[in-house]
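Fold and contact review
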Amino acid sequence: MTDSRNRGFKPSFSHSAKGMVFLFLAVASLFVLWPTDVHAQAHEMLGDWQQLTSNAGACPQCRINFVGDGARLRVAANNGWSADVEVRDSDSGTSAVGQGTWRMRAATAPVSKPFSIDFKLSGQRLYMTMVDEANGRRRIVKAVFGRAWLGA
């Protein structure tokens, strides 16, 4: 004869065990979602920047735009180049380093020309160094950007 009290028995957590699991998940979520210093620094770079000066020539209409979430950002320029950068924590301020490509049109087809890029944020100025080592020649482009909405 079977005991009717055991029929359909489902083990369950006690209320205190459920509370502990909930507390653990809440704390773990907080650590995952809590912005780190690098994330906060990356946030400072997001948005539009207008070129103020460059050793490649004046270009008051040249702009770059940073987008992304977290320490990895994508920067795109309105004059045909883009790069993926990683924001790094440094004692001298916010910096980002990465690789990019120029979209160029050759006689036969579009080509991409690779380069390395480095950004340093200091106050309201963003300093860029782009290094292109194509064809065995090294070309360095340095530029300074300001926030477009601040009248750069």
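Structure report, in brief. Keep in mind the model is a prediction, meaning the values are calculated, not measured. One numbering rule holds for all chains: residues counted from 1, following each sequence as written. With the structure being a predicted model, the display of local features is reserved for residues of pLDDT at least 70 and the display and counting of side-chain atom pairs for 80 or more, all residues being used for whole-chain, interface and lining totals. Side-chain measures here rest on the full set of heavy atoms in the structure, leaving out hydrogens and waters.

Okay, the overall build of the chain next. Helix and strand counts for the chain come out as two helices and eight strands. Helices and strands appear in the chain in the N-to-C order α-α-β-β-β-β-β-β-β-β. When each of the 152 residues of the chain is scored for burial, the buried share is 27%. Note on definitions: a residue-residue contact is assigned when non-hydrogen atoms from the two residues lie within 4.5 Å. Sequence separation of at least 24 residues holds for 36% of the intrachain contacts in the chain that already meet a minimum separation of 6. Each accessible area is a Shrake-Rupley estimate made with a 1.4 Å probe; only the visible protein chains count as cover when residues are assessed. Total accessible area on the chain is roughly 10,800 Å²; 57% of this is exposed by carbon and sulfur atoms. Secondary structure elements follow DSSP: runs of H or I of four or more residues count as helices, runs of E of two or more count as strands, with numbering from the N terminus. Note on exposure labels: buried denotes an accessible area under 20% of the residue type's maximum, exposed denotes more than 50%, and partly exposed covers the range between, all computed with a 1.4 Å probe on protein chains only.

All right, on to the state of the cysteines then. Two cysteine sulfurs form what is called a disulfide whenever their separation falls within 2.5 Å. For the structure on display, the rule yields one disulfide. Bridging C59 to C62, the disulfide has an S-S length of 1.8 Å. Looking down the S-S bond of the C59 and C62 bridge, the torsion is 70°, so its handedness is right-handed.

Our next topic: the side chain of S95. Residue placement: S95 occurs in strand β5 (residues 94-105). Once you skip the residues sitting within four places of it in the chain, S95 turns out to touch M45, E86, V87, R88, S90, F119 and K120.

The subject of this paragraph is the side chain of D132. Among the structural elements, D132 can be located in strand β7 (residues 125-132). When near neighbours in sequence (up to four residues on either side) are disregarded, D132 contacts K113, P114, F115, R137, R138 and R139.

A few words now on the environment of L52. By the secondary structure assignment, L52 is in strand β1 (residues 47-54). Its relative accessible area of 30% is what places L52 among the partly exposed residues. In the structure, L52 is positioned 74 residues away from L126 in sequence and 9.7 Å away in space, judged by C-alpha atoms.

What is shown is where atoms sit, not what they do.
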